[in-house]
Amino acid sequence: MLEMIRGDIACVAARDPAASGTIEIVLTYPGVHAIVWHRVANRLWRRGLRFPARFLSWFARLLTNVDIHPAATIGRRFFIDHGAGVVIGETAEIGDDVTLYHGVTLGGTSWSPGKRHPTLEDGVLVGCGAKILGPITVSKGARIGANSVVVDPVPPGMTVIGIPGRIVRPLADRRRLSGRIDLDHHLMPDPVGEAISELLDRIDFLEARLAHRERRDAQATGNRAAEIPAEEMLQ
Ligand SMILES: CC(C)(COP(=O)(O)OP(=O)(O)OC[C@H]1O[C@@H](n2cnc3c(N)ncnc32)[C@H](O)[C@@H]1OP(=O)(O)O)[C@@H](O)C(=O)NCCC(=O)NCCS
């Protein structure tokens, strides 16, 4: 556990340019305090000490304004910048190197017990005020824009913005398309170029979503599709 806490503290310097030293981070970052309290509460919870775990997370919320259920699973090098107003539900699962800004909710959409909160895979970034709701997966390296509301699974490496969340291509990626079409000239309006770039975006998005869904279906069916002969699949 100490190793994990060390990782939580060390990752702040890389993700917040305002951080000016370990002592400052340890003493003044509520997001760091919240994860340290959570690591302890989670250990109590896993040992069956449920009331002490709940009490500790309530106390941590008083101090940090971050509400993490002690049963939530959180990976290494987790950082909540600013802390304020973050809520992480009981069945949320968070991978390694995940960053949340203030006001993020990882919440449920139903009152039935069981998995009802999101899963965030490694390297996900969630902007301030974003809400991710339901037992959906935000895959590796995805980025959720500030104030988005996300209720559908997010494929790896994608950026999602808006309400309801929709996938967009990062500007940097679109500039890489410039071999296919010049998106960088600003001398005159180019509605045809814009329409084509929208279509390329849409195709990229649909391909990514299809690949994500196929992978998920293959996992769910124990990869039965791989056993079906190709001729049969073409019929
Ligand atoms: C989404 C985010 C991670 C950027 O991701 P990215 O993959 O680099 O995406 P880009 O910046 O290339 O933007 C892609 C498009 O989404 C738009 N966009 C980006 N963030 C948005 C947001 N939160 N809401 C609405 N639109 C947004 C951009 O304007 C751009 O639009 P365009 O296609 O019309 O040009 C970033 O904008 C963001 O919201 N970060 C959160 C930062 C934060 O919470 N800071 C708080 C510090 S206290």
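Residues numbered from 1 in each chain as written. Predicted model: local features only at pLDDT ≥ 70, side-chain atom pairs only at ≥ 80, totals over all residues. Heavy atoms only, no water.

- Looking up the protein in an unreviewed UniProt entry gives the name Serine acetyltransferase, with the organism given as Novosphingobium mangrovi.
- Among the UniProt annotations of the protein, the heading Catalytic activity (unreviewed entry) holds the following wording: "L-serine + acetyl-CoA = O-acetyl-L-serine + CoA".
- Under the UniProt heading Sequence similarities (unreviewed entry), the entry covering the protein gives this text: "Belongs to the transferase hexapeptide repeat family." (UniProt positions renumbered as here; feature names shortened; annotations may be inferred.)

## Thoughts on the sheet that holds strand β7 (residues 105-107)
Alright, step 1. If you trace the five strands from one edge of the open sheet to the other, you get β1-β4-β7-β10-β13, paired in parallel fashion. Looking at which strands have only one partner, the edges of the open sheet turn out to be β1 (66-68) and β13 (149-150).
Alright, step 2. Strand direction decides the pairing type here: β1 and strand β4 (residues 86-88), joined by three bridges, are parallel. Within β4, the position partnered with D67 by the bridge is V87. (Pairing = 2+ DSSP bridges. Helix = DSSP H or I, 4+ residues; strand = E, 2+ residues; numbered from the N terminus.)

## Topic: a positive patch on the surface
Alright, step 1. Residues R202, R209, R213 and R216 make up a contiguous surface patch of positive charge.
Alright, step 2. Relative to the helices and strands, R202 is located in helix α6 (residues 191-220).
Alright, step 3. The class for R202 is partly exposed, based on a relative accessible area of 45%. (Patch = residues over 30% accessible without salt bridge, like charges linked within 9 Å, V, L, I, M, F, W, Y side chains within 5 Å. Areas by Shrake-Rupley, 256 points an atom, 1.4 Å probe, with all protein chains shown as cover. Salt bridge = Lys/Arg side-chain N within 4 Å of Asp/Glu carboxyl O. Lys, Arg positive; Asp, Glu negative; His and termini not counted. Charge placed at Lys NZ, Arg CZ, Asp CG, Glu CD. Buried < 20%, exposed > 50% of the residue type's maximum accessible area, 1.4 Å probe, protein only.)

## Section: helix α1 (residues 2-15)
Alright, step 1. Between the first and last C-alpha of α1 there are 21 Å, a value that for 14 residues agrees with the 20 Å anticipated at 1.5 Å per step.
Alright, step 2. When α1 is considered as a whole, its buried residues turn out to be I5, G7, D8, I9, C11 and V12.
Alright, step 3. Buried residues in α1 make contact with α2 (22-28), α3 (30-46) and β3 (79-80). (Expected span 1.5 Å × (residues − 1). Contact = heavy atoms within 4.5 Å.)

## Section: unusual backbone geometry
Most of the time, phi is negative for any residue but glycine, and the peptide bond is trans.
Alright, step 1. Of note, the bond from I163 into P164 is cis; its omega dihedral lies within 30 degrees of zero at -15 degrees.
Alright, step 2. Along the chain, P164 turns up in the loop between β14 (159-161) and β15 (166-168).
Alright, step 3. If you check the backbone angles, R77 has positive phi at about 50 degrees while not being a glycine.
Alright, step 4. Here R77 is to be found in the loop between β2 (73-74) and β3.

## Observations regarding the pattern of salt bridges
Alright, step 1. The full count for this structure, using the stated rule, is seven salt bridges.
Alright, step 2. R6 is the salt-bridge partner of E3, the closest N and O atoms lying 3.0 Å from each other. Of this pair, E3 and R6 are both found in helix α1, three residues apart, which corresponds to roughly one turn of the helix. R6 carries the same exposure label as E3, and that label is exposed.
Alright, step 3. Across the pair E93 and K115 runs a salt bridge whose closest N-O atoms are separated by 2.9 Å. Placement of the pair is E93 in strand β5 (residues 93-94) and K115 in the loop between β7 and β8 (119-120), with a sequence separation of 22 residues.
Alright, step 4. Take E93: its relative accessible area is 36%, and that puts it in the partly exposed class.
Alright, step 5. On the basis of relative accessible area, K115 is assigned to the partly exposed category, the value being 36%.
Alright, step 6. Because the salt bridges share partners, they merge into one network encompassing R15, R77 and D97.

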